[in-house]
Amino acid sequence: MNRIGRIATSLALAGLASSGLATAQTFSSDKADFRLDTVAEGLEHPWGLAFLPDGSQLVTERAGRLRHIRNGELQDAPISGVPDLVVSGQGGLLDVLLHPDFKRNQTLFLSYAHEVSGEGMTTRVARAKLTDGQLSDVEVIFEALPRGTTGRHFAGRMEFDRDGNLYVAVGDRGEKKRAQVTDDDAGGVHRLTTEGKPAPGNPFTDDASVNDTFFTYGNRNIQGMTIHPETGEIWSHEHGPRGGDEINIIRAGNNYGWPDVTYGIAYSGGTISEKTTMEGVTDPLHYWDPSIAPSGMAFYTGDAFPEWQGDLFVGALKMQKLVRLSIENEEVREEEDLLEDLGERIRDVRMGPDGVLWLLTDESDGKVYRIVPAN
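Residues numbered from 1 in each chain as written. Predicted model: local features only at pLDDT ≥ 70, side-chain atom pairs only at ≥ 80, totals over all residues. Heavy atoms only, no water.

Participant: How do you make sense of the sheet that holds strand E19 (residues 294-299) when you look at a structure like this?
Facilitator: Where strands meet in a sheet, backbone hydrogen bonds hold them as pairs that are either parallel or antiparallel. Ordered in space as E19-E20-E21-E22, the four strands form an open sheet in which the pairing is antiparallel. Each of the sheet's edge strands pairs with one partner strand only, and the pair in question is E19 and strand E22 (331-338). Geometrically, the sheet is characterised by an average inter-axis angle of 20° between neighbouring strands, direction not taken into account. Judged from the five bridges that link them, strand E20 (residues 312-316) and strand E21 (residues 321-328) form a sheet pairing that is antiparallel. (Pairing = 2+ DSSP bridges. Helix = DSSP H or I, 4+ residues; strand = E, 2+ residues; numbered from the N terminus. Axes fitted to C-alpha atoms, helices over the stretch in contact; angles between N-to-C directions.)

Participant: Sorry, what's going on with unusual backbone geometry here?
Facilitator: Each neighbour pair has its own omega, and for Leu 145 with Pro 146 the value is 0°, a cis peptide bond. Along the chain, Pro 146 falls in the loop between strand E10 (134-143) and strand E11 (158-160). Here Asp 289 and Pro 290 are connected by a cis peptide whose omega angle stands at 10°. Following the sequence through the fold, Pro 290 ends up in the loop between strand E18 (286-288) and E19. If you check the backbone angles, Arg 173 has positive phi at about 65° while not being a glycine. For Gln 320, which is not glycine, the phi torsion reads 50° and is therefore positive. By the secondary structure assignment, Gln 320 is in the loop between E20 and E21. By relative accessible area, Gln 320 is classed as partly exposed at 28%. (Buried < 20%, exposed > 50% of the residue type's maximum accessible area, 1.4 Å probe, protein only.)

Rendered as structure tokens:
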């Protein structure tokens, strides 16, 4: 980091420190000691986090509210103008992602569950402008069809690649066979322009049997997505059933196998598939058995913890922890569990512009944390 970057980071940290952050206990990892600073609390099942250019933050609440944190203070009034959505089961207001040129155009993207009476629910993405604490020019740019009747597996994580293409994860909606049906938007990753059109170069545009927005398929329920800081590739993880949570690199045209291959079993204890690999299917880079229920992921790229440079951090809902993975040549060399004593479900993990990791906890009294050096 250059001198200007160090000064900017110091100012950001000083501003947060002066805002009255509560400090949690100190933790140790194999490589570093750290503490958890509470930035905000009192959020109802927060789901997604974004950093605004002015140093403040946006947080989605699954209950349907978009909240603003300024100078370490959660603002009382939610941001108005959020599109109509449904809160049902795992669905509600999900991810928030800023346009790559947000500073100029004030445009952001929201993913959420939506219902039409008599037709069921689905995952939608809307584009909007954020000005003066409210959303305007709200436009739906993507809707996964057909709709489903369950309240499960909306997925909803989003990420931009370096070419400005928008990646949107859609779950299998709790109907596993849909993930292998390629004229059905469920169970895959869609790559779009910021206007919602199929992105140039999508792998299936010449195949009439596959929807043009599809980038990958055979994905069960992706709730973590991030860009690799060196290669620029999009990485993701997804929930398995009982076991079989996966980390994957999202590559054009790949079939990730669900439910034809899996390391997991049905919640009832029955067999989903006897196969853990097969021809034509991309094997996971890493998997967990038993399931940790992963959610949120980020590569660490800051200077506050040089020992963590390049490591991948994954939140866990079921196992209530943060997992650190050291990866070399697309192979996990080391795995470490952190924050097991915290006793909170980790919903989102983000690399902050201040050089430290930020976390959201999926609780009725959800929190926003920063991981900072112990000293």
